[in-house]
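Structural description and commentary
As a plain string of letters, each chain reads:
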Amino acid sequence: MELQDLRNRIDALDDQLLGILNERMELVKKVGDLKRSSQSIIYRPEREKQILDRLEKRNDGLLTRQAIDAIFFEIFAVSRNLELPERVSYLGPEGSFTHQAAESRFGGMSEYLVLPTIHSVFESVETGRAKFGVVPIENNQEGIVIETVDFLREKNLSIVAEVLLQVHFTFASQSDSLKNIRRIYSKDIAFRQCGKFISEYLEGMDIELIPVESTSKAAKMAAQEPDSAAICSSISARLFGVPILYDNIEDSDQNRTRFLILAKDFVNIKSDDDKTTIIANLPNTNRPGVLYEFLKDFNDRGINLTKIESRPVRGTSTFRAWFLVEFLGHVDDAPVQEVMHKYGSHLKWLGSYIRVS
Ligand SMILES: O=C(O)C(=O)C[C@]1(C(=O)O)C=C[C@@H](O)C=C1
């Protein structure tokens, strides 16, 4: 078949897609009207997951689950904006991995508020300047993001959802030959995570590695200085118009960062695959066995703990700690309710949300 014939058939399918998408939006608008009149929540991650799971089961074509997710998350984001436009804040700068995580759930059309610190993201949601906030919570190679964990305890926000992002770095420069590059900008942690690439490709060359605050700052610098390069995310290279010379240059393809979507007073309905996050401020932690007994309470009820992080209780001379605890299940599950009641005000529930694996 000729190229033109194939393109004509693609055009015809695109016409159909457009018609179907508009038809879908008519229905979404009606859902939005119903929700507004009953003051219900617009964002329903468990419904979105149900749709994605159903489509994956039905699918017998070339689309992978990842591709179905990417296409439909964009459709859901457009739908939610049609139902009620909502502003989303994230830890910037633009082009950061948190930006990428935010766009993966809220799409290219949402209104974004780019903020300089994790604290300002929490504050923007608390004060209602943004309906949702996106912050990193942990990287599987580097560990927990302490600031996020501490603000989860201090502030009164709920966890709506988690997002997992595989961290890929690109090598971007306006120079088309490595020979002409004199400086490479990046974040110190990114230099560490791309060590093999740096030693293999840049061995023996007179190049200075310059750490800057963020990988998007690095891309910005590389856009201004033609004899420099940046190790950055592909989104920031694109944003600043710096050509990508090498993609996926990280040492390990296991590098993943987990982000949280936060909102005020948000409650997810139970799904078949939930995770719950709580803060435990246990009494009498100087008595032997207190933490053991607490953990045993989960074990005895068959609740699978997935994380326990300890943080210091500040403002005292003791070495007391509080804990961020995560486990599989929803707060409405009977065994979880038992533990919550047993410890009462010593536990703070932060949210039950769909687990991303
Ligand atoms: O089913 C709903 O509750 C909707 O609002 C519709 C819809 C969708 O586009 O399918 C949009 C937003 C929600 O997060 C979930 C689903």
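Residues numbered from 1 in each chain as written. Predicted model: local features only at pLDDT ≥ 70, side-chain atom pairs only at ≥ 80, totals over all residues. Heavy atoms only, no water.

- An unreviewed UniProt entry lists the chain under the name Bifunctional chorismate mutase/prephenate dehydratase, with Dyadobacter chenhuakuii as the source organism.
- The chain has a UniProt comment under Subcellular location (unreviewed entry) that states "Cytoplasm".
- UniProt annotates the chain under Function (unreviewed entry) with the comment "Catalyzes the Claisen rearrangement of chorismate to prephenate and the decarboxylation/dehydration of prephenate to phenylpyruvate." (UniProt positions renumbered as here; feature names shortened; annotations may be inferred.)

**Some thoughts on the site of the ligand**
- Inspection of the region around the ligand gives 14 residues, with Arg24, Lys35, Arg44, Glu48 and Glu83 positioned closest.
- At 2.8 Å from an oxygen atom of the ligand is found a side-chain nitrogen or oxygen belonging to Arg24.
- A distance of 3.1 Å separates an oxygen atom of the ligand from a polar side-chain atom of Ser79.
- Coverage of the ligand by the protein chains reaches 90% of its 360 Å² of free accessible surface.
- Counting residues per element, the ones that place at least two in the shell around the ligand are helix 1 (3–37), helix 2 (45–58) and helix 3 (65–83).
- For the shell around the ligand, the residue count by class is six nonpolar, one polar and seven charged. (Near = heavy atom within 4 Å. Polar contact = N/O pair within 3.5 Å; in protein donor to acceptor, adjacent residues only side chain to side chain. Areas by Shrake-Rupley, 256 points an atom, 1.4 Å probe, with all protein chains shown as cover. Helix = DSSP H or I, 4+ residues; strand = E, 2+ residues; numbered from the N terminus. Nonpolar A, V, L, I, M, F, W, Y, C, P; charged D, E, K, R; others polar.)

**As for the environment of His330**
- You can see His330 is positioned in the loop between strand 14 (321–328) and helix 12 (334–343).
- Owing to a relative accessible area of 1%, His330 belongs among the buried residues under this scheme.
- Counting along the chain gives 260 residues from His330 to Ala70, while the straight-line C-alpha distance between them is 26 Å.
- Aside from chain neighbours lying at most four places away, what touches His330 is Asn268, Ile269, Lys270, Asp274, Thr276, Val336 and Ser352.
- Polar contacts involving the side chain of His330 include one to the main-chain carbonyl oxygen of Asn268, which spans 2.9 Å. (Buried < 20%, exposed > 50% of the residue type's maximum accessible area, 1.4 Å probe, protein only. Contact = heavy atoms within 4.5 Å.)

**Notes on the side chain of Ser89**
- Mapped onto the elements of the fold, Ser89 is located in strand 1 (residues 87–91).
- Taking relative accessible area as the criterion, Ser89 reaches 0% and is therefore assigned buried.
- Filtering out sequence-adjacent residues up to four positions away, Ser89 remains in contact with Leu113, Leu115, Val121, Ser124, Val125, Ala130, Phe132, Gly133 and Val134.

**Quick look at the sheet that holds strand 15 (residues 347–354)**
- In space, the four strands of this open sheet follow the order 13-14-12-15, with antiparallel pairing throughout. Two strands close off the open sheet at either side, each with one partner strand: strand 13 (305–312) and strand 15. Recorded for the sheet is a direction-independent mean angle of 15° between the axes of neighbouring strands.
- Pairing of strand 12 (residues 274–280) with strand 15, which is carried by seven bridges, proceeds in the antiparallel orientation. In the sheet register, Ala280 faces strand 15, and the bridge partner there is Leu347.
- Strands strand 12, strand 13, strand 14 and strand 15 of the sheet are contacted by helix 6 (residues 146–154), whose axis makes an angle of about 95° with strand 14.
- Where helix 12 meets the sheet, its contacts fall on strand 12, strand 14 and strand 15, and the angle it forms with strand 15 comes to roughly 160°. (Pairing = 2+ DSSP bridges. Axes fitted to C-alpha atoms, helices over the stretch in contact; angles between N-to-C directions.)

**Brief notes about the packing of aromatic side chains**
- Within the structure shown, the criterion is met by 18 aromatic pairs.
- Considering the side-chain rings of Phe72 and Phe76, the 6.2 Å spacing of their centres and the 55° angle between planes classify their relative orientation as tilted. Here Phe72 pairs with Phe76, and both are found in helix 3, just four residues apart, close to one helical turn.
- Joined through ring pairs, the aromatic side chains of Tyr43, Phe106, Phe132 and Phe266 make up one cluster.
- In this arrangement the basic side chain of Arg80 is found over the ring face of Tyr43, its NZ or CZ atom lying 4.2 Å from the centre. (Phe/Tyr/Trp six-rings, centres within 6.5 Å; stacked < 30°, edge-to-face > 60°. Lys NZ or Arg CZ within 6 Å of the ring centre and 35° of its normal.)

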